[in-house]
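# Structural features, examined
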Amino acid sequence: MTRHLLEVVDLTAAEVRAVLELAARPPEVLGRPLEGQGAALLFEKPSARTRHSTEMAVVQLGGHPIYTRDEEVGLDSRESVEDVTRVLQGYHRVLAARVYEHEKLTRMAKVADVPVVNLLSDRAHPLQALADALTMEQVLGGPLSGRLVAYVGDYNNVARSLAEVCLLLGATVRFACPHGYQWDDAERERLQALGDVTMTGRPAEAVAGADFVHTDTWVSMGQEADAQIRKQAFEGFTVDDALMDLAAPDARFLHCLPAYRGLEVAAEVIDGPRSVVFQQGHNRLHAARAAIAFLLGIRP
Ligand code: CP
Ligand code: NVA
């Protein structure tokens with residue numbers, strides 16, 4: 001059966017653990033499962049980390065990545081998602097895409113007989129979450145299970161995927177999001193079925209005693225028209241030193257990047273000793289390589 005990675009929960013807890021184990025291994029140990037084969041990387045939005053880490057992951061697995069912006073492919077504008085998928089899978093062993101509407105990925109996966117990988121959608125950012133988990137376990141030098149992970153900010157694609165990976169690994173998740181930017185009841189029930197996760201409107205409450213504090217931009221790609229409204233709504237949600245001081249004494253700060261200093265995070269935090277954001281960014285490569293290898297049938 002063809003496996004896809006559109007959301008973290010496309011993997012079981014044991015499979016997440018397997019991907020993290022693969023990510024910790026030197027690249028050559030995974031072999032070259034993409035030798036002589038291609039990987040299509042389609043982008044409807046800009047990217048630095050995801051493009052470069054996924055391209056290099058494909059290269060390290062022996063394959064040839066082809067990066068294409070949507071101006072050329074035109075998912076649902078030049079031709080349908082389904083037609084693009086059926087054609088490109090004749091050239092490539094993996095199809096990966098960064099899209100506005102998550103539904104484009106589910107439609108792609110429905111007709112694809114090669115793995116489809118989500119490179120960020122409005123719903124999820126699974127490769128980011130796998131890199132986040134890898135980073136937290138590197139910091140701990142052991143499993144994330146039983147640890148407290150706080151996320152302060154917008155309940156968005158990054159937040160959702162982070163919660164999924166943390167809950168699958170047995171961590172507790174505490175969200176602090178402003179009213180109007182929180183989960184809905186269905187989403188709360190879905191996540192609470194995975195583990196211990198709560199939502200508050202008070203950052204100090206979520207961060208108290210946390211081992212890790214995460215945030216993300218208040219204005220995701222595609223939300224630029226709402227930037228002013230959002231910046232007002234998120235006032236008081238900046239992760240600064242005073243907030244970090246409420247976390248565990250050796251707590252670490254994570255951010256998927258790009259970051260907006262002075263908004264979701266103060267420079268003193270992201271550029272300070274508690275920040276592991278560049279280690280986290282570098283781990284995107286290891287997570288991408290491991291996830292693609294896993295989808296191709298490589299196991300630890
Ligand atoms: N974190 C992340 O996905 O960054 P890019 O948008 O640069 O890929
Ligand atoms: N939530 C952000 C993440 C960027 C990597 C966005 O979707 O733009």
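The paragraphs below set out a description of the structure included in this document. Quantities reported herein were computed from a predicted structural model and do not represent experimental measurements.

## A few points about helix 13 (residues 277–295)
Under the 1.5 Å per step criterion, the end-to-end length of helix 13 is 27 Å for 19 residues, consistent within 8% with the ideal 27 Å. Of all the bends in helix 13, the greatest, near 30°, is centred on Asn 283. Burial analysis of helix 13 places 15 of its 19 residues in the buried class, the great majority of the element. Following helix 13 by one or two positions, Gly 297 has its phi on the positive side, about 100°.

## A few points about the packing of helix 7 (residues 157–168) against helix 8 (residues 185–192)
Their axes nearest at 10 Å, the elements helix 7 and helix 8 cross at an angle of 25°. One way to sum up the angle between helix 7 and helix 8 is to call them roughly parallel. For the pair helix 7 and helix 8, contact is made by Arg 160, Ala 163, Glu 164 and Leu 167 and by Glu 187, Arg 190 and Leu 191, respectively. Residues of the contact of helix 7 with helix 8, tallied by class, amount to three nonpolar, no polar and four charged.

## Considerations on the environment of Ala 206
Tracing the backbone through its elements, the reader meets Ala 206 in helix 9 (residues 203–207). Relative accessible area serves as the criterion here: at 1%, Ala 206 is assigned to the buried category. A sequence separation of 58 residues divides Ala 206 from Leu 148, and the C-alpha atoms of the two residues are 9.5 Å apart. Not counting the four nearest positions on each side in its chain, Ala 206 is found in contact with Ala 150, Arg 174, Phe 175, Ala 176 and Thr 200.

## Section: the pattern of salt bridges
Going through the model one piece at a time under the given rule, you end up with 22 salt bridges. Between Arg 123 and Glu 7 there is a salt bridge; the shortest N-O distance is 2.9 Å. Separated by 116 residues along the polypeptide, Arg 123 in the loop between strand 4 (116–118) and helix 6 (126–140) and Glu 7 in the segment before helix 1 (13–23) bring together distant segments of the chain. Assessed through its relative accessible area of 14%, Glu 7 is described here as buried. Notably, a salt bridge pairs Glu 44 with Lys 104, separated by 2.7 Å at the nearest N-O pair. Note that Glu 44 is positioned in the loop between strand 1 (38–43) and helix 2 (49–60) and Lys 104 in helix 5 (residues 102–111), a separation of 60 residues in sequence. The buried category is assigned to Lys 104, whose relative accessible area is 9%. Linked by salt bridges that have partners in common, Arg 160, Glu 164, Glu 187 and Arg 190 make up one network.

## Quick look at the sheet that holds strand 2 (residues 64–69)
Strand order across the open sheet formed by four strands is 2-1-3-4, with parallel pairing between neighbours. Unpaired on one side and paired on the other, strand 2 and strand 4 mark the two borders of the sheet. Ignoring strand direction, the axes of neighbouring strands in this sheet form an average angle of 20°. Two elements, strand 3 (residues 92–98) and strand 4, share three bridges in a ladder whose sense is parallel. Across the sheet, Ala 96 pairs through a bridge with Val 117, a residue of strand 4.

Here is what the cut-offs are and how they apply
- Residues numbered from 1 in each chain as written.
- Chains lettered and ligands numbered in written order.
- Predicted model: local features only at pLDDT ≥ 70, side-chain atom pairs only at ≥ 80, totals over all residues.
- Heavy atoms only, no water.
- Helix = DSSP H or I, 4+ residues; strand = E, 2+ residues; numbered from the N terminus.
- Expected span 1.5 Å × (residues − 1).
- Bend = angle between axes of the 7 residues up to and from the residue.
- Buried < 20%, exposed > 50% of the residue type's maximum accessible area, 1.4 Å probe, protein only.
- Axes fitted to C-alpha atoms, helices over the stretch in contact; angles between N-to-C directions.
- Parallel < 35°, antiparallel > 145°, perpendicular 65-115°, else oblique.
- Contact = heavy atoms within 4.5 Å.
- Nonpolar A, V, L, I, M, F, W, Y, C, P; charged D, E, K, R; others polar.
- Salt bridge = Lys/Arg side-chain N within 4 Å of Asp/Glu carboxyl O.
- Pairing = 2+ DSSP bridges.

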